[in-house]
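Chains, contacts and geometry: an overview
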Amino acid sequence: MALVKVALSLTTLALISSTFCIAHPGFGFGFGWGSGFGGSVGGGGGLSFGLFPQFYQFSCPQVDEVIMSVLEPIIASNPRTAASLLRLHFHDCFAQGCDASVLLDDGAGVVSEKRSVPNMNSLRGFEVIDEIKVKLEEVCPGVVSCADVVALSARASVVLSGGPSWELPLGRRDSKTASISLSNSNIPPPNSTIQNLITLFQRQGLNEVDLVALSGGHTIGVARCTTFKQRLYNQNGNNLPDQTLEQTYSHELRSVCPRFGGDNNITPLDVASPARFDNTYFKLILWGKGLLTSDEVLLTGRVQKTMELVKTYAENEALFFEQFSQSMVKMGSIGALTGSRGEVRKNCRRVN
Ligand code: HEM
């Protein structure tokens, strides 16, 4: 009974608060529980604590239109941009929460996350976010946060690559700080073991289903030679290639990625359909053609759950799309700043 009462009052609170927020779009929950709970609620409802899809309904109804109008031509002429923007959201959320900390340049009190090991010479799309932000400041100045621009751009990128769409809870605010150390410690390296991946995802409140579904983001985009070289020449310190890597594929990769040099040469993460958001990533893993160690260990890492999920998503694209959408909402609510916390930056590269 007590449980029912708590649930009822939480629901009432959420309803009152979201009505208030829609009427007064400058306000989030303001109760300081935006990140503490850290997850999405109810799965299908698309409501995360403190974030909700209609956040800009009155304050900036054009937000989606503006984002689409910038991204459509850019992604049509350079499909990789979609991949870069999707990854940007992931790297934002895993370091200090989805608060656009990743966009901050070095400045007063800020050591930029752009210089962390996973991001340096690797993370892209900053100029595209700037372009969107400039347009948004023209139509609704001071309203749309950079963190929401990143989340919305990630969704738009998936849609424009042929993937699913989802109802996206909004209302994230921007941090006034960045954390290069969290960027270094929380974002998994490409040679991660399955256990390492599970642990780093768990740290963010994400489970094994989220891990496998979100890894499906590697259905688009590319990786540099340096991120998979070890697999081609010396996976276990014995001067032998990774035995789980399919031989013909391994051979092809060696021409892109020589033993010495060529570290910045790039190759698709999904060699079959690099610009299309689909489930071939999982089929490739079954064939030993997952590019990164972190891709292949989802199948070969001897964790029953992730192994089964790779097979399931390889067989059933609709299920992958459904789970990917849910996991993106979950990832997108990690550590979100709401209410009066943080700020809405005018320029995504620096605090106001
Ligand atoms: C599971 C742990 C993950 C690891 C170890 C990992 C690692 C990597 C690495 C090493 C690259 C290549 C970077 C470079 O060569 O410069 C990459 C690219 C990429 N990652 Fe991940 N990633 C992971 C999860 C994710 C997630 C959760 C997403 C999104 C939902 C994602 C989306 C992407 C995309 C789209 C690219 C291509 C980017 C581009 O072409 O610019 N990754 N990832």
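Residues numbered from 1 in each chain as written. Predicted model: local features only at pLDDT ≥ 70, side-chain atom pairs only at ≥ 80, totals over all residues.

Short version of the rule: UniProt positions are given in the numbering used here, feature names are shortened, and annotations may be inferred rather than shown by experiment.
In the annotation of an unreviewed UniProt entry, the chain is listed under the name Peroxidase and assigned to Trapa natans. The chain has a UniProt comment under Catalytic activity (unreviewed entry) that states "2 a phenolic donor + H2O2 = 2 a phenolic radical donor + 2 H2O". A UniProt comment under Subcellular location (unreviewed entry) is attached to the chain, and it reads "Secreted".

Describing the environment of I334
Spelled out, the test is: Where helices and strands are cited, they refer to DSSP runs of H or I of at least four residues and of E of at least two residues respectively, numbered from the N terminus.
When you line up the elements, I334 lands in the segment after α14 (317-331). Placed 130 residues apart in sequence, I334 and Q204 show a C-alpha to C-alpha distance of 6.8 Å.

Some details on the UniProt feature "site: Transition state stabilizer" (unreviewed entry) in the chain
Note the threshold: As a rule, residues whose C-beta atom has 12 or fewer other C-beta atoms within 10 Å are exposed, those with 20 or more are buried, and those in between are partly exposed; C-beta atoms are placed from the backbone. Placing a C-beta atom from the backbone of each residue, one calls two residues in contact when those atoms lie within 7 Å.
UniProt annotation of "site: Transition state stabilizer" (unreviewed entry) refers to R87 when read in the numbering used here. Counting through the fold element by element, R87 comes out in helix α3 (residues 80-94). R87 sits in the buried class, given 22 other C-beta atoms within 10 Å. Other than its neighbours up to four places away in sequence, R87 contacts L123 and G221.

Quick notes on the site of the ligand
Our working rule: The criterion for a residue being near a molecule or strand is simple: its C-beta atom, placed using the backbone, must lie within 6 Å of it. Amino acids are sorted into nonpolar (Ala, Val, Leu, Ile, Met, Phe, Trp, Tyr, Cys and Pro), charged (Asp, Glu, Lys and Arg) and polar (every other residue, Gly among them). For each domain, the first and last residues come from an automatic or database assignment.
Neighbouring the ligand are 26 residues; S122, G217, G221, A223 and R224 lie closest to it. When contributions to the shell around the ligand are tallied by element, the ones reaching two or more residues are α3, α8 (208-215) and β3 (222-224). The class makeup of the residues in the shell around the ligand is 13 nonpolar, nine polar and four charged. Inspection of the shell around the ligand shows a minimum of three residues originating in each of domain 1 (63-186) and domain 2 (194-330).

Concerning the nonpolar core
Heads up, the rule is: We call a set of buried Ala, Val, Leu, Ile, Met, Phe, Trp, Tyr and Cys residues a nonpolar core when their C-beta atoms link them within 7 Å.
The biggest cluster of nonpolar side chains holds 76 residues, and the ones touching the most others in it are V63, I67, I132, V149, V150 and V310. Sorting elements by how many residues they give to this core places helix α5 (residues 146-160) first, with nine residues. Among the domains, domain 1 (63-186) and domain 2 (194-330) are the pair contributing at least three residues each to this core.

Description of the packing of α8 against helix α13 (residues 304-315)
For clarity, the cut-off: All axes here are fitted lines through C-alpha atoms, helices being fitted over the stretch that makes contact, and every angle between N-to-C directions spans 0 to 180 degrees. Angles are sorted into four bins: roughly parallel if under 35 degrees, roughly antiparallel if over 145, roughly perpendicular if 65 to 115, and oblique for all others. With the far helix as reference, a near helix turned anticlockwise by less than a right angle produces a left-handed crossing, and one turned clockwise produces a right-handed crossing.
Two elements in contact, α8 and α13, have axes separated by 10 Å at closest approach and are oriented at 40°. The pairing of α8 with α13 is recorded here as oblique in orientation. The way α8 lies across α13 gives a crossing that is right-handed. Residues E208, V209, L211 and V212 of α8 pack against K305, T306, L309, V310 and Y313 of α13. Here the contact of α8 with α13 is built from residues that sort into six nonpolar, one polar and two charged.

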